[in-house]
Amino acid sequence: MIALFTDFGLEGPYTGQVKAVLAQEAPGVAVIDLFADAPFARPQPCAYLLAAYALWFPPGTVVLAVVDPGVGSARAAAVVEADGRVYVGPDNGLFELVLRRAQAARCWRLTWRPQTLSASFHGRDLFAPAAARLARGEPPAALAKPAALGRYPEWPDELPQVVYIDRFGNAMTGLRAASLPSRARLDAAGRRLRRARTFSAVAPGAAFWYENANGLAEIAVNGGSAAAVLGLAVGDPVTASPGSGVRVAARPA
Amino acid sequence: MIALFTDFGLEGPYTGQVKAVLAQEAPGVAVIDLFADAPFARPQPCAYLLAAYALWFPPGTVVLAVVDPGVGSARAAAVVEADGRVYVGPDNGLFELVLRRAQAARCWRLTWRPQTLSASFHGRDLFAPAAARLARGEPPAALAKPAALGRYPEWPDELPQVVYIDRFGNAMTGLRAASLPSRARLDAAGRRLRRARTFSAVAPGAAFWYENANGLAEIAVNGGSAAAVLGLAVGDPVTASPGSGVRVAARPA
Amino acid sequence: MIALFTDFGLEGPYTGQVKAVLAQEAPGVAVIDLFADAPFARPQPCAYLLAAYALWFPPGTVVLAVVDPGVGSARAAAVVEADGRVYVGPDNGLFELVLRRAQAARCWRLTWRPQTLSASFHGRDLFAPAAARLARGEPPAALAKPAALGRYPEWPDELPQVVYIDRFGNAMTGLRAASLPSRARLDAAGRRLRRARTFSAVAPGAAFWYENANGLAEIAVNGGSAAAVLGLAVGDPVTASPGSGVRVAARPA
């Protein structure tokens, strides 16, 4: 299985061309749209989102992750093997949290290059064919050489920010619910929010936070849009109180 | 074939995770996005939309239908077999019109449960694996026990409301065109609209109604958005005149 | 492989029903969403977009292209074989540039008809089953009779207009970059824009044009939306200066 995590969108030609490459180069492999609307050109919130969601996929999954504001520049291309999943994408911090949380991880710099490489669409021309080869069972070493990736020790283990707003207006944070005390409040947009188990546990119109189905603390309004009601956007601060247990000091990996 | 009818959206992680479950649990089965943007959290208009569109799929299709405002509450999970198609989703009225219009139908309450069940995403954790098992050929009785579903006798046979607005601004109603006299007018948003066969049969900018490709009466504007021009939204009343033949009294099934 | 080029959108029931037909009639054939949001009901800009993007697909691809404002009228249905790819869709100019640029092309009028044909959804009822048969290897002559298509000699070889705006606000033009001098400026929305190789080659916030990954001249803003910053929409004029080499006189094919 190949899971796609990008900011390409589903409409327009981008994700379709990526899938055309995968269909040709890895026929018969299931291709799943995990996120096609990850925060555009923002590797940091994407790193926390990716780490939370990739974990849900079974070992053996190849994750093609492309959020790549530096496309066409000298940024390197990365392959990561972490806890049985293989990731391919730009070396720009996107895999920082996957690496930091992994029990076991290895990193490579992608050295394979296609015959033709556009300046602006490495997702299609470079990363997709590499992902297809990895999904077919080629070892990373056939495409890449062992190398350290760029690391971001200043990034916290849990990101006290909104990292994604879904179509319902729910605001996912970069905080894993398991890192928070069970009675923690979240402060966002000048409001202090209590935890609930699920939407139907609060009154219509009430704002709250809950552990979403992939373990992230998520801010929601029952029957409404938290983003609209509270005025939240990706990158807005979200702090836990009291005693959140959020470690702000980074652990180098 | 598995057809998806949800309010999850295609972007974001929801439909992708459902498809990842289906790809693992029912490999090789075609999965079709029928509606990913069914009216959010509104089982009643969805019930009329689903009944009109599911009929188009061949017998043998498994329809995974999840519009589920009560997720996390005590609402039951349903399996329905109706005229050769199998439906799985929440027991909240979503299957009322499928049942009412079926020549032959049987109902079960889903008793199978996954090892881990999130509080907020039963589409992924409960309904998708159940749909996969049904698509692989497991009989409903292997997952579910015979049971009556909740019924909604007060819902009319034809719903005189807008039930869906598509990206072009066309407004589908819950009225089947075949239930209306051939010369019926539809009254909506203070306008009385005549029937036409298709868009190219009316002048540019003209509002009209027609029988859409799945049998519903649909309000449209040639070359424009009926929703914008007429100010229509899901739930708005649409009445037929004269002598619509719409039966408002419900037939219990 | 079947590539879909339509204005149907991915949400709602339209693309899903097309794919359901393809899954039944051409099981196992990969189906790729190339564009689901081609300019609505506008065959001319679509013709330039299609010609640029179809070329990227390998020979043997079947391109199902449906942008069809005349559905339900007397417009004919076309099959085109051009440089090893097969196209099926309405005969309304959509294939004009594919034909004009092809080394070798043949045209047919689709004579095959399904048992039931709705008035408004030929994409599902006529073109999709025809595409499936072509993808299964049936020759065009089994479905269609040789015939000239409608031609549009007044359309230029390169269209000096915006033909598509993507979700990032980048504005693709109907001008192929290879038709322009390397130092050409593009005039659009009262601004004169210079060429750059890629986004990261210009300052944040700067507007420029570049050759996109499918050869079209595309107007962009680094870190912003060209459509919003410059106020661009599909159909807006884009002219090259000086000495663009754009041939405005058409070559009949």
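Numbers given for residues are sequential positions, taken from 1 along each chain in its written order. Following the order in which they are written, the chains are lettered starting with A and the ligands numbered starting with 1. Whole-chain, interface and lining totals are the exception, using all residues; otherwise, since this is a predicted model, local features are given only for residues with pLDDT of at least 70 and side-chain atom pairs are given and counted only at 80 or more. Side-chain metrics in this entry use all non-hydrogen atoms of the structure; hydrogen atoms and water are not considered.

Undergrad: For this particular structure, what's the right way to read the overall build of chain A?
TA: In this description a helix means any DSSP run of H or I spanning at least four residues, a strand means any run of E spanning at least two, and both kinds are numbered starting from the N terminus. Along the backbone of chain A there are 5 helices and 14 strands. The quantity called the radius of gyration is restricted to C-alpha atoms. Its globule counterpart is 2.2 Å times the number of residues to the power 0.38. For chain A, whose C-alpha radius of gyration is 19 Å, the value lies close to the compact-globule estimate of 18 Å for 253 residues. Projected onto its principal axes, the C-alpha positions of chain A cover 55 × 40 × 30 Å. The contact criterion used throughout is that any non-hydrogen atoms of two residues lie within 4.5 Å. Of all intrachain contacts in chain A linking residues separated by at least 6 positions in sequence, the fraction that spans at least 24 positions is 67%. Accessible surface for chain A amounts to roughly 9,300 Å². Of this, 52% is attributable to carbon and sulfur atoms. Residue-level accessible areas treat just the shown protein chains as cover; the underlying method is Shrake-Rupley with a 1.4 Å probe.

Undergrad: In this structure, what is going on with the relation of the copies chain B and chain C? I would like to understand it.
TA: Taken together, a rotation about one axis and a shift along it account for how the two chain copies relate. Overlaying chain B with chain C gives an RMSD of 0.0 Å, the required rotation being 120° about an axis along which the chain moves by 0.0 Å. Taken together, these values place the two copies in the relation of a three-fold axis. Closest approach to the rotation axis among the C-alpha atoms of chain B is made by Leu-10 of chain B, whose C-alpha sits 4.6 Å away. Interface residue correspondence from chain B to chain C reaches only 19%, placing this contact among heterologous pairings that use different surfaces. A least-squares superposition brings the copies together, and it is based on the C-alpha atoms of residues with pLDDT no lower than 70 in both.

Undergrad: Would you explain the interface of chain A and chain C in this entry?
TA: Where the parts come together, the accessible area they lose is often given as the size of the interface. Listed by partner, the interface residues are 28 residues for chain A and 28 residues for chain C. Throughout, buried area stands for the accessible area (probe radius 1.4 Å) lost by two parts on being put together, summed over both. Around 2,000 Å² of area is buried between chain A and chain C when both sides are counted, 60% of it from carbon and sulfur atoms. The term salt bridge refers to a side-chain nitrogen of Lys or Arg lying within 4 Å of a carboxyl oxygen of Asp or Glu. Summed over the shared surface of chain A and chain C, the number is 1 salt bridge. The salt bridge involving Glu-11 of chain C is made with Arg-167 of chain A; its shortest N-O contact spans 3.8 Å. Counting of polar contacts relies on pairs of N or O atoms within 3.5 Å, with two restrictions inside protein: one atom must be capable of donating a hydrogen and the other of accepting it, and residues adjacent in sequence are counted only when both atoms are side-chain atoms. On inspection of chain A and its partner chain C, the count reaches 9 residue pairs in polar contact (both at pLDDT 80 or more). When residues of the side of chain A that touches chain C are assigned to their parent elements, the largest contribution, 8 residues, is made by helix H1 (residues 14-25) of chain A. A per-class count over the side of chain A that touches chain C returns 12 nonpolar, 10 polar and 6 charged. As a working rule, the residues Ala, Val, Leu, Ile, Met, Phe, Trp, Tyr, Cys and Pro are called nonpolar, Asp, Glu, Lys and Arg charged, and the rest polar, with Gly in that last group.

Undergrad: Sorry, what's going on with the pattern of salt bridges here?
TA: Should their charged atoms come close, side chains of opposite charge can pair. All names here are of chain A. Applying the stated criterion across every chain, the model contains 42 salt bridges over all chains. Arg-176 is the partner of Glu-158 in a salt bridge, and the nearest nitrogen-oxygen pair spans 2.6 Å. With a gap of 18 residues between them, Glu-158 in the loop between strand S7 (144-146) and strand S8 (159-165) and Arg-176 in strand S9 (residues 171-176) connect regions that are remote in the sequence. The buried label goes to any residue with under 20% of its type's maximum accessible area, the exposed label to any with over 50%, and the partly exposed label to all in between, with areas taken from a 1.4 Å probe on protein chains only. The exposure class of Arg-176 is partly exposed, given its relative accessible area of 28%. Ionic contacts of the salt-bridge type, sharing partners, join the residues Glu-25, Arg-133, Arg-136 and Glu-138 into one network.

Undergrad: Hey, could you run me through the pairing of strand S5 (residues 85-90) of chain B in this one?
TA: All names here are of chain B. Burial within S5 is extensive, with 6 of its 6 residues counted as buried. Pairing geometry for strand S3 (residues 62-66) and S5, over 3 bridges, is parallel. When the sheet's bridge partners are listed, Val-62 is paired in S5 with Val-86. Pairing between strands is defined by DSSP: at least two bridges between them are needed. Strand direction decides the pairing type here: strand S4 (residues 77-82) and S5, joined by 6 bridges, are antiparallel. Paired with Glu-81 across the strands is Val-86, a residue of S5. The hairpin turn running from S4 into S5, its antiparallel successor, is 2 residues long, and Asp-83 in that turn takes a positive phi close to 50°.

Undergrad: Can you walk me through the sheet that holds strand S14 (residues 238-241) of chain A in this structure?
TA: Strand pairing within a sheet occurs via backbone hydrogen bonds; the two strands may be parallel or antiparallel. All names here are of chain A. Across the sheet, 3 strands lie side by side as S11-S10-S14; this open sheet has antiparallel pairing. Bordering the open sheet on either side are strand S11 (191-193) and S14, each of which pairs with just one other strand. Each strand of the sheet is rotated relative to its neighbour by a mean of 30°, with strand direction disregarded. For strand S10 (residues 185-188) and S11, the ladder comprises 3 bridges, and the chain directions are antiparallel. The partner of Asp-187 across the bridge, within S11, is Arg-192. Under this scheme, a helix contributes an axis fitted over its contacting stretch, all axes are lines through C-alpha atoms, and angles between N-to-C directions fall in the 0 to 180 degree range.

Undergrad: Just to check I follow, could you spell out the sheet that holds strand S6 (residues 105-110) of chain B for this structure?
TA: Residues and elements named next belong to chain B. Taken in spatial order, the 7 strands of this open sheet run S2-S1-S3-S5-S4-S6-S7, and their pairing is mixed. Every other strand in the sheet has two partners, leaving strand S2 (31-35) and strand S7 (144-146) as the edge strands with one partner each. Going from strand to strand, the sheet's axes swing by 25° on average, the running direction of each strand aside. In this structure, strand S1 (residues 2-6) lies alongside S2, joined through 4 bridges in parallel fashion.

Undergrad: What's the story with the environment of Phe-199 of chain A in this structure? I'm lost.
TA: All names here are of chain A. Tracing the backbone through its elements, the reader meets Phe-199 in the loop between S11 and strand S12 (207-211). The spatial distance from the C-alpha of Phe-199 to the C-alpha of Asp-166 is 15 Å, given a sequence separation of 33 residues. The residues contacting Phe-199, other than those within four sequence positions of it, are Asn-170, Phe-208, Tyr-210, Ala-220, Val-221 and Asn-222.

Undergrad: I tried to follow the interface of chain B and chain C on my own but got confused; where do I start?
TA: The partner chain C presents 28 residues to the 27 residues of chain B that form the contact. Counting the surface lost from both chain B and chain C, the interface buries some 2,000 Å², and carbon and sulfur atoms represent 60% of this. When residues of chain B are sorted by the area they lose upon contact with chain C, Trp-56, Arg-167 and Phe-168 of chain B head the list and together hold 26% of the total. Our enumeration of links across chain B and chain C arrives at 1 salt bridge. If you look at where chain B meets chain C, you find 10 residue pairs in polar contact (both at pLDDT 80 or more). At 4 residues, the largest contribution of residues to the side of chain B that touches chain C is made by S2 of chain B. Of the residues assigned to the side of chain B that touches chain C, the class counts are 15 nonpolar, 5 polar and 7 charged.

Undergrad: Looking at this structure, I do not really get the packing of aromatic side chains. What am I missing?
TA: Here a ring pair, both rings aromatic, is described through the centre-centre distance and the interplanar angle of the planes. Paired rings are identified among Phe, Tyr and Trp, the last through its six-membered ring, by centres lying within 6.5 Å, and are further divided according to the angle between planes into stacked (under 30 degrees), edge-to-face (over 60) and tilted (the rest). Within this structure, the stated rule accounts for 39 aromatic pairs over all chains. On the numbers, 5.9 Å between centres and 45° between planes, the contact of Phe-168 of chain B with Tyr-14 of chain C is tilted. A residue pair is termed interchain when its members come from two chains, as with Phe-168 of chain B in the loop between strand S8 (159-165) and strand S9 (171-176) and Tyr-14 of chain C in helix H1 (residues 14-25). Of the two residues, Phe-168 of chain B and Tyr-14 of chain C, neither departs from the other in class, the shared state being buried. Here the aromatic cluster, defined as three or more aromatic residues joined through ring pairs, consists of Phe-8, Tyr-14, Phe-40 and Phe-121 of chain A together with Phe-168 of chain C.

Undergrad: Got a minute to help me understand the state of the cysteines in this structure?
TA: In a disulfide, the sulfur atoms of two cysteines are covalently bonded to one another. Residue and element names in this part refer to chain A. Our working definition of a disulfide is a cysteine sulfur pair at a distance within 2.5 Å. A full pass over the atoms with the stated rule returns 0 disulfides over all chains. Not engaged in a disulfide, the cysteine Cys-107 finds its nearest cysteine sulfur in Cys-46; these two sulfurs lie 19 Å apart. Overall, Cys-107 belongs to the buried group, its relative accessible area being 19%.

Undergrad: What is the right way to read the confidence of the model for chain A from this model?
TA: A low pLDDT score tells you not to read the predicted coordinates there in detail. Across chain A, the average pLDDT comes to 94, with 96% of residues at 70 or higher. Overall fold confidence (pTM) sits at 0.95, and the ipTM for the predicted complex is 0.94. Confidence scores per residue from the predictor, reported as pLDDT, run from 0 to 100.

Undergrad: What exactly am I supposed to notice about the environment of Arg-197 of chain B here?
TA: Within the element layout of this structure, Arg-197 of chain B appears in the loop between strand S11 (191-193) and strand S12 (207-211). With 64 residues separating them along the chain, Arg-197 of chain B and Arg-133 of chain B place their C-alpha atoms 42 Å apart. Non-local contacts of Arg-197 of chain B, meaning those with residues more than four positions away in its chain, are made with Tyr-210 of chain B together with Gly-72 and Ala-119 of chain C. A polar atom in the side chain of Arg-197 of chain B sits 3.5 Å from the backbone oxygen of Gly-72 of chain C.

Undergrad: Is there a simple way to explain the side chain of Thr-61 of chain C in this structure?
TA: Residue and element names in this part refer to chain C. Along the polypeptide, Thr-61 turns up in the loop between helix H2 (43-54) and strand S3 (62-66). Given the relative accessible area of 0%, Thr-61 is considered buried. The contact partners of Thr-61, leaving out residues within four places of it in the chain, are Met-1, Ala-3, Arg-85 and Val-86.

Undergrad: Teacher, can you tell me more about the pairing of strand S9 (residues 171-176) of chain C here?
TA: Side-chain positions along a regular strand alternate between the two faces of the sheet. Residue and element names in this part refer to chain C. Within S9, 5 of the 6 residues are buried, which leaves it mostly tucked inside the rest of the structure. Where strand S8 (residues 159-165) lies against S9, 4 bridges are found, and the strand directions are antiparallel. Each bridged residue has a counterpart across the sheet, and for Val-162 the counterpart in S9 is Thr-173. The turn joining S8 and S9, which pair antiparallel and follow one another in sequence, is formed by 5 residues; a positive phi near 90° is taken by Gly-169.

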